[in-house]
Amino acid sequence: MSSGTWSCSWLGNIYKPHNKSMAEELNEKTMHDVHTKEIDLVSRDPKRLNDDVVKIDFEDVIAEPDGTHSFDGIWKASFTTFTVTKYWFYRLLSAIFGIPLALIWGIYFAILSFLHIWAVVPCIRSYLIEIQCISRVYSICIHTFCDPLFEAIGKMFSTIRATVRKEI
């Protein structure tokens, strides 16, 4: 243990495998770390989260019906103004607020993940284990007390016959 890493004689060094085939296997495997993976700068919404929300074009906002048309030059200038303004204002807002909001959302989802992993799932698992015991006792009580009662009531009412007569 003089190297500063934990090891066991039969296990070997956990950081440097003592088995050559194991070391080669680790080298051959490509380790994918979510923190260092490359991002796609072309397709920035690969899961199509915002397809129906923010794909707003000029024609979706401003439209002139037949019979009510402005000058062609005004229409073209309005289109260009709308498109360029939307593009650059989005970039400006992203530059100003993108990193702070990414930080806030990162913290939020880290807290959410932490709570889900360390509180919610254990509570649900614990509840399911506890409720399983209670459900067995409940099931025994139902089968012991209610089944004979309902069978007896069923037999009582099974002898009742109803007939319909029409009298004139």
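Conventions adopted
Residues numbered from 1 in each chain as written. Predicted model: local features only at pLDDT ≥ 70, side-chain atom pairs only at ≥ 80, totals over all residues. Heavy atoms only, no water. Helix = DSSP H or I, 4+ residues; strand = E, 2+ residues; numbered from the N terminus. Buried < 20%, exposed > 50% of the residue type's maximum accessible area, 1.4 Å probe, protein only. Areas by Shrake-Rupley, 256 points an atom, 1.4 Å probe, with all protein chains shown as cover. Phe/Tyr/Trp six-rings, centres within 6.5 Å; stacked < 30°, edge-to-face > 60°. Lys NZ or Arg CZ within 6 Å of the ring centre and 35° of its normal. UniProt positions renumbered as here; feature names shortened; annotations may be inferred. 1 Å grid on protein atoms, 1.4 Å probe; cavity = no way out; pocket = protein on both sides within 12 Å on 5 of 7 lines; lining within 4 Å. Points joined across faces, edges and corners; volume = space filled by probe spheres on them. Patch = residues over 30% accessible without salt bridge, like charges linked within 9 Å, V, L, I, M, F, W, Y side chains within 5 Å. Salt bridge = Lys/Arg side-chain N within 4 Å of Asp/Glu carboxyl O. Disulfide = S-S within 2.5 Å.

Of regular secondary structure, the chain possesses 3 helices and 2 strands. Along the chain, helices (α) and strands (β) appear in the sequence β-β-α-α-α when read from the amino end. Looking at the chain residue by residue over its 168 residues, the buried ones come to 2%. Summing over all exposed atoms, the chain offers an accessible surface of approximately 16,500 Å²; the carbon and sulfur share of this is 66%.

Counted under the stated rule, the structure contains 7 aromatic pairs. Taken together, a centroid distance of 5.5 Å and an interplanar angle of 90 degrees make the contact between Phe-58 and Phe-79 edge-to-face. Taken together, the residues span a long stretch of sequence, with Phe-58 in helix 2 (residues 58-61) and Phe-79 in helix 3 (residues 72-158) at a distance of 21 residues. Since its relative accessible area comes to 36%, Phe-79 is described here as partly exposed. Put simply, the rings of Phe-58, Trp-75, Phe-79 and Phe-82 pair up and form one aromatic cluster. Its end group placed over the ring of Trp-88, Arg-91 keeps NZ or CZ at 5.3 Å from the ring centre.

What follows concerns the UniProt feature "transmembrane region" (unreviewed entry) in the chain. On the UniProt side, "transmembrane region" (unreviewed entry) is annotated at positions that read residues 88-121 here. Summarising residues 88-121: 100% helix, 0% strand, and an end-to-end C-alpha distance of 44 Å.

The method is simple in principle: a probe with the dimensions of a water molecule rolls over the atoms, and the space it marks as empty is what remains. For the largest pocket, the calculated volume is near 1,100 Å³. Taken together, 24 residues line the largest pocket, and the ones lying closest to its centre are Arg-44, Asp-45, Asn-50, Val-54 and Tyr-90. Counting only elements with at least two residues in the lining of the largest pocket, the list comes to helix 2 and helix 3. No other element matches the 8 residues that helix 3 contributes to the lining of the largest pocket.

This part is about a nonpolar patch on the surface. Taken together, Phe-89, Leu-92, Leu-93, Ile-96, Phe-97, Leu-101, Ile-104, Trp-105, Tyr-108, Phe-109 and Leu-112 make up a surface patch of nonpolar side chains, about 1,100 Å² in accessible area. Considering the arrangement of structural elements, one finds Tyr-108 in helix 3.

Turning our eyes to something else, we now look at the state of the cysteines. Each disulfide consists of one covalent bond between the sulfur atoms belonging to two cysteines. Following the criterion strictly, the structure yields 0 disulfides and no others. Free of any disulfide, Cys-146 has its nearest cysteine sulfur in Cys-141, 8.7 Å distant. Exposure remark for Cys-146: the relative accessible area of 23% places this residue in the partly exposed category.

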